[in-house]
Structure formats: C-alpha cells, structure tokens
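Chain by chain, the residues run as shown.
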Amino acid sequence: MLISGRGSNLQALIRATSDVEASAEIALVLANRADAGGLDHAAAAGIPQTVVDHRDYADREAFERHLSATLEAAGIELICLAGFMRVLSPWLVERWRDRLLNIHPSLLPAFRGLDTHRRAIEAGVRLAGCTVHFVRAEVDSGPIIVQGAVPVLADDTPDSLATRVLDLEHRCYPMALELVASGRAEVDGERVRIDDGTPALLISPEA
Ligand code: GRF
C-alpha cells in the first residue's frame, strides 16, 4: 500500500484483509512522507512500514528506482495506491503493469486530476462516485475494475459530496482488491474481465 496522507482507504483495506477468507495480505505500507497519518493505522495493525521520501532523491527516476527496489525486496506482488500524491513515470507504471491499482474519487474517465468534487458539482452532473482501476501512464487512466456511484444532491458542497464518495471508496477498494488478488479480475485488452460475472459496481442507497 502506497500512501501520502490520512490513509482511510488503507484502514478499509486493513479491515477487509484481516478476514481469514481474504485473498490479499498487506505486507508493507510505504509512505513518501514521514508524517503520513496512515502510518499509524499500519502500526496499530502490526503491518511493516517504511518511508521513502521523494525529497531525498535527485529526481523522479532515482526516487522511483529506490521505491520499486524496496517493494521487490519485500516480495510485493501487487501495489495499491491509496492517496499517494506522486505522479508515476511511465517506467514505474510499465514495470508494475497490471500489478498496480489506484482509487480515484470520480467516475472515470470524467474528472481526472484533483478537486474532483467541486468540478463535478460545477458541471451539474447528477451522479458522482469513485473508480478503482489498473494504472496506466496517463494520470488517472487505465482498465476499470470497480466503480461506485452516488447521487449529487441539490445542496451538496464539495465536502458533503466527498464524504459520501469516501464512504463508497471504502467499500469499492476492498471489493476490487479481492477480485484481483483472487484472480477473478483480469485485464483483457484495455478492459477488465470479471471471470465469475460479479457485478463490479456499487450504488449508494441514496441513488
Ligand atoms: C481518496 O479520496 C482517494 O480516492 C484519493 O485520495 C484520497 C485518499 O484518502 N486518491 P485516504 O488517504 O485514503 O483517506
């Protein structure tokens, strides 16, 4: 798990993977900031953690080479980005192709990038949500594994919408990780095929 901040998605995945039936095990939490709040969740759960601070490296390439080597040395099979606030180079994305997941707080391909909830409200969309996807070099793109949808309410603010979407993120990410780790979700072309037909969509009750 790669994080930069509070780590609420990390917390959701820690909870989900503590189930004996879970296919994935969180072997390492890596933060690029020593003050990432999510490191406390890792400590509380007894999960190994490490900090690779990008500011300690001359450039993106040196940072990523160290990061990738750290993960390989730990025997990591799958990377989950959860609020990891570094843009990844094509080199890293290719090295971990189809083994690198991200969660983004919008219904991709709409609203890539930052400030998604404000932009969704301003655009007047009726449905917002989140997407868990395999990572490709272009920011916030790649084969979609799971999406979650929530209605945008007339009096929503970016904060109120973010809160409802985050709640859904905490359900979508564990679902996506389980699908991938159990081998039921596979990249087929640039789409994800779910072998047993599990509908990889969650719709909030308010919808
Ligand atoms: C989430 O909204 C996620 O979708 C985005 O960054 C935020 C991370 O939140 N990529 P947290 O650190 O998991 O609480």
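Residues numbered from 1 in each chain as written. Predicted model: local features only at pLDDT ≥ 70, side-chain atom pairs only at ≥ 80, totals over all residues. Heavy atoms only, no water.

We now examine the domain arrangement of the protein. Under the domain assignment, the protein is made up of domain 1 (1-96) and domain 2 (102-207). Summarising the inter-unit geometry, the C-alpha centres of domain 1 and domain 2 are found 20 Å apart. Counting residues at the interface gives 19 residues for domain 1 and 17 residues for domain 2. Taking both sides of the interface into account, the surface hidden between domain 1 and domain 2 amounts to around 1500 Å²; carbon and sulfur atoms contribute 72%. It is Asn9, Ser23 and Leu81 that lose the most area in domain 1 upon contact with domain 2, and together they represent 31% of the buried surface on that side. If you look at where domain 1 meets domain 2, you find 0 salt bridges. Between domain 1 and domain 2 we count 4 residue pairs in polar contact (both at pLDDT 80 or more) in total. (Domains from an automatic or database assignment. Contact = heavy atoms within 4.5 Å. Buried area = accessible area lost by both parts, 1.4 Å probe. Salt bridge = Lys/Arg side-chain N within 4 Å of Asp/Glu carboxyl O. Polar contact = N/O pair within 3.5 Å; in protein donor to acceptor, adjacent residues only side chain to side chain.)

With that out of the way, let us pick up the environment of Ile47. When you line up the elements, Ile47 lands in the loop between helix 2 (38-45) and strand 3 (49-51). With a relative accessible area of 13%, Ile47 lands in the buried category. Distance from Ile47 to Val29, taken between C-alpha atoms, is 7.1 Å for residues 18 residues apart in sequence. Apart from residues lying up to four places away in sequence, Ile47 is in contact with Ile14, Ile26, Ala27, Leu28, Val29 and Ala42. (Helix = DSSP H or I, 4+ residues; strand = E, 2+ residues; numbered from the N terminus. Buried < 20%, exposed > 50% of the residue type's maximum accessible area, 1.4 Å probe, protein only.)

Inspection of the region around the ligand gives Arg6, Gly7, Ser8, Asn9, Gly83, Ile103, His104, Pro105 and Glu169 as its neighbouring residues. In the environment of the ligand, an oxygen atom lies 2.5 Å from a nitrogen or oxygen atom belonging to the side chain of Arg6. Measuring from a nitrogen atom of the ligand, one finds a backbone N or O atom of Ile103 at 3.0 Å. Taken by itself the ligand offers 370 Å² of open surface, and the protein chains cover 85% of this. (Near = heavy atom within 4 Å. Areas by Shrake-Rupley, 256 points an atom, 1.4 Å probe, with all protein chains shown as cover.)

On to the nonpolar core, then. Side chains of a nonpolar character, in soluble globular proteins, are inclined to be buried together. Grouped together as the largest cluster of nonpolar side chains are 39 residues, with contacts concentrated most on Val29 and Ile145. Elements supplying a minimum of two residues to this core: helix 1 (8-17), strand 2 (29-31), helix 2, strand 5 (100-104), strand 6 (127-134), strand 7 (144-151), helix 6 (158-181) and strand 9 (191-194). Per-element tally for this core: the top contributor is helix 6, with 10 residues. Shared between two domains, this core holds at least three residues of each, these being domain 1 (1-96) and domain 2 (102-207). Not counting the four nearest positions on each side in its chain, Val29 is found in contact with Met1, Ile3, Leu10, Leu39, Ala42, Ile47, Pro48, Gln49 and Thr50. In this structure, Leu30, Ile76, Ile79 and Trp96 belong to the second largest nonpolar core, which totals 17 residues. (Core = buried A, V, L, I, M, F, W, Y, C linked by side-chain atoms within 4.5 Å.)

Working note: α-helix, 3.6 residues per turn, so residues spaced by three or four point in the same direction. The buried count for helix 1 comes to 7 of 10 residues, which makes it a mostly enclosed element. Those residues of helix 1 that sit buried are Ser8, Asn9, Leu10, Ala12, Leu13, Ile14 and Thr17. Against the buried residues of helix 1 lie strand 1 (2-3), strand 2, helix 2, strand 5 and helix 6.

Taken as a whole, this structure holds 1 aromatic pair when the rule is applied. Pairing Tyr57 with Phe63 gives two aromatic rings, centres 6.1 Å apart and planes at 55 degrees, and the pair type is tilted. Taking relative accessible area as the criterion, Tyr57 reaches 25% and is therefore assigned partly exposed. Above the ring of Trp91, the side-chain terminus of Arg65 is found at 4.3 Å from the ring centroid. (Phe/Tyr/Trp six-rings, centres within 6.5 Å; stacked < 30°, edge-to-face > 60°. Lys NZ or Arg CZ within 6 Å of the ring centre and 35° of its normal.)

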